Amino acid sequence: VTAMMWFRRDLRLGDNPALLDAVSAGDGRVLGVFVVDPLLWKRSGDRRREHLATSLRGLSEAMGGRLVVRSGDPATVIPALTHEVGAVSVHISADYAPYGQERDKEVEAALNCPLVATGSPYAIAPGRIVNQQDRPYQVFTPYFRAWLEHGWRQPVEAPQDVQWVKADSEALPEGAAAGEDAARQHWQAYLDDVAQYDDVRDRPDLDGTSRMSIPLKYGEIHPRTMLADLARRRSGGAESYRRELAWREFCADLLARNPQAAWKPLRSEFDKMAYDEPGDQLAAWQQGRTGYPFVDAGMRQLAASGFMHNRVRMVVASFLVKDLHVHWKYGARWFMQSLRDGDLASNSLNWQWVAGCGADASPYFRIFNPVGQGLKFDPDGEYVRRWIPELRDLNGKTAHEPWKYGGADGYPDPIVDHAEARREALRRYEAIKA
Ligand code: FAD
């Protein structure tokens, strides 16, 4: 017999319970397939496509070159492939994003054999954590407590002696191979620093966060594996890190329960919020030309590298919504196109958090000051100078306020006055509260 393992966002062999199920259903004979779905491919930005390509190469190498790649609608491709190889079952790790849920239902309906979902990209699957009234949590802290109490299974080893079944495959994209091994090595190296996480996590100049969002996005590592390593460490940093992993799961939980939250506010009063039409100001924000160095450095980091530090993500998001008065969905869309770790649940729910319309949102009236945030979290101006060459001649923290020090050649003046923009944001908020 042959079983099929359909890889999606779990591009690894280790700690992959769905793969273990496939191995036992196929008595060791497994066909591993990745389907390039034109719909998802079109929506991914270049950075994510690029990363996916390296990750697939890594996976295929780990499988002795036997990963099968096919393009098309999975509801056609997967059933056709099961006929081709006579598969007895198709194994997946469950996808909780809105599109993935619909797709999997369609595939299941089109199959002549069972579609078996085992595990998910989370330590605890979305929807599992409920309060004593069997209701979901709306607020993070009690969710986190219940999440810790619930616990998760131990990581499982990669299966030995899999006989990977051959089938025609499209060529894998050219390029370097990365993936599971690289992700594990990166994580092991980072673990040596995790005790310092609290001291450095908010400082984009120090760049001391783990950057594990990228391998987590593609499932090159499972959070369970990381949680098991953290449990052996016992430090304040390790505790805080675990809390961040729970934020990722909280976002997924919220989106799985409220699929409309991808692009619509969770708090309905925000349906009435007045926003400006996106125009030149959105373009200035995207290009890192708002005249606020901390904002622009973040946007340029994003454009140049496909990554942005979390603190800066919060500040640029707040700036778009509360200084430029543009709806958060335009920012969220730009992030999804540009980020290497772009993940619908983490992205939309964090945007909603900043925009004040999320479940457990920061209150709308708490508006980040883009200069104050820069001075506090990039105290020597290192981060802004790194990403904005025009500011190189401004020493230390003066780089955060070039207009005070005679400006910087080629760098724009602020496109809005923050104090005024803030008052306007509060006026609009008062109007929806009334
Ligand atoms: P670390 O500080 O090392 O954190 C460890 C891990 O915890 C991260 O890899 C991530 O998996 C998780 N995590 C940390 N903070 C958050 C958070 N606020 N929400 C959810 N998970 C978190 N993260 C994404 O993975 N994809 C996105 O598309 C995304 N969009 C965001 C948009 C906005 C407006 C904001 C404010 C945050 C967004 N985040 C997103 C969350 C966070 O910024 C990134 O996960 C983090 O910056 C990744 O860097 P790191 O791995 O070095 O983080």
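Reading the values: rules and limits
- Residues numbered from 1 in each chain as written.
- Predicted model: local features only at pLDDT ≥ 70, side-chain atom pairs only at ≥ 80, totals over all residues.
- Domains from an automatic or database assignment.
- Helix = DSSP H or I, 4+ residues; strand = E, 2+ residues; numbered from the N terminus.
- Nonpolar A, V, L, I, M, F, W, Y, C, P; charged D, E, K, R; others polar.
- UniProt positions renumbered as here; feature names shortened; annotations may be inferred.
- Contact = placed C-beta atoms within 7 Å.
- Near = placed C-beta within 6 Å.
- pLDDT = per-residue confidence, 0-100.
- Core = buried A, V, L, I, M, F, W, Y, C linked by C-beta atoms within 7 Å.
- Buried ≥ 20, exposed ≤ 12 C-beta atoms within 10 Å, placed from the backbone.
- Pairing = 2+ DSSP bridges.
- Right-handed = clockwise from strand over helix to strand, strands pointing away.

Trainee: Just checking my understanding: could you explain the domain arrangement of the chain for this structure?
Mentor: Many analyses report the size of an interface as the accessible area lost when the parts associate. Once the domains are mapped, the chain shows domain 1 (2-120), domain 2 (122-155 + 181-257) and domain 3 (268-433). The C-alpha-based centres of domain 2 and domain 3 are spaced at 26 Å. Mapped onto the side of domain 2 that touches domain 3, the elements with two or more residues apiece are helix H9 (213-218) and helix H11 (236-257). Considering every element that reaches the side of domain 2 that touches domain 3, the biggest residue donor is H11, with 5 residues. Of the residues contributing to the side of domain 2 that touches domain 3, the split by class is 8 nonpolar, 3 polar and 5 charged.

Trainee: I keep staring at the UniProt feature "binding site: FAD" (unreviewed entry) in the chain and nothing clicks. Help me out?
Mentor: Here, the residues flagged by UniProt with the feature "binding site: FAD" (unreviewed entry) are Tyr 197, Thr 209, Ser 210, Arg 211, Met 212, Ser 213, Tyr 241, Asp 341, Gly 342 and Asp 343. In terms of the greatest pairwise C-alpha distance, the residues named above, spread along 147 residues, do not form a single cluster, extending to 22.8 Å across. Relative to the assigned elements, Ser 213 resides in helix H9. Within the secondary structure, Tyr 241 is located in helix H11. Other than its neighbours up to four places away in sequence, Tyr 241 contacts Val 194, Tyr 197 and Leu 230.

Trainee: How should the site of the ligand be read in this particular structure?
Mentor: What surrounds the ligand is a group of 27 residues, the closest being Thr 209, Ser 210, Glu 244, Asn 347 and Asn 350. Within the residue set of the shell around the ligand, elements represented by two or more residues are H9, H11, helix H14 (310-323) and helix H16 (344-355). For the shell around the ligand, the class distribution of residues is 11 nonpolar, 8 polar and 8 charged. In this structure, the shell around the ligand is formed jointly by two domains, domain 2 (122-155 + 181-257) and domain 3 (268-433), each of which donates at least three residues.

Trainee: Is there a simple way to explain the environment of Tyr 364 in this structure?
Mentor: On the secondary structure map, Tyr 364 appears in the loop between H16 and helix H17 (370-377). Distance from Tyr 364 to Trp 353, taken between C-alpha atoms, is 9.0 Å for residues 11 residues apart in sequence. Aside from chain neighbours lying at most four places away, what touches Tyr 364 is Gly 356 and Tyr 429.

Trainee: Help me understand the UniProt feature "domain: Photolyase/cryptochrome alpha/beta" (unreviewed entry) in the chain, please; the structure alone is not making it clear to me.
Mentor: The positions that UniProt labels "domain: Photolyase/cryptochrome alpha/beta" (unreviewed entry) are, in the present scheme, residues 1-126. Helix makes up 45% of residues 1-126 and strand 21%, with an end-to-end C-alpha separation of 33 Å.

Trainee: Sorry if this is basic, but what is going on with the confidence of the model for the chain here?
Mentor: Caution is warranted with low-pLDDT regions, since their predicted coordinates should not be read in detail. Confidence in the prediction for the chain averages 95 pLDDT; 100% of positions are at 70 or higher. Interface confidence in the predicted complex, given as ipTM, is 0.99; pTM for the same model is 0.95.

Trainee: In this structure, what is going on with the nonpolar core? I would like to understand it.
Mentor: Proteins that are soluble and globular tend to have nonpolar side chains buried together. Leu 255, Val 315, Val 316, Ala 317, Leu 320 and Val 384 are the most contacted members of the largest nonpolar core, which totals 64 residues. Secondary-structure elements contributing two or more residues to this core are helix H6 (140-150), H11, helix H13 (293-305), H14, helix H15 (328-338), H16, helix H18 (382-387) and helix H19 (418-433). Considering each element in turn, this core owes the most residues, 8 residues, to H14. Listed in part, the 34 residues of the second largest apolar core include Met 5, Val 23, Val 30 and Leu 67.

Trainee: Teacher, can you tell me more about the pairing of strand S4 (residues 87-92) here?
Mentor: Along a regular strand, successive side chains alternate from one face of the sheet to the other. Taken together, the 3 bridges between strand S1 (residues 2-7) and S4 define a ladder with parallel strand orientation. Residue pairing in the sheet places Met 5 in a bridge with His 91 of S4. Across 3 bridges, the pairing between S4 and strand S5 (residues 115-117) is parallel. Each bridged residue has a counterpart across the sheet, and for Ile 92 the counterpart in S5 is Ala 117. For the crossover that starts at S4, traverses helix H5 (residues 98-110) and ends in the parallel S5, the hand is right-handed.

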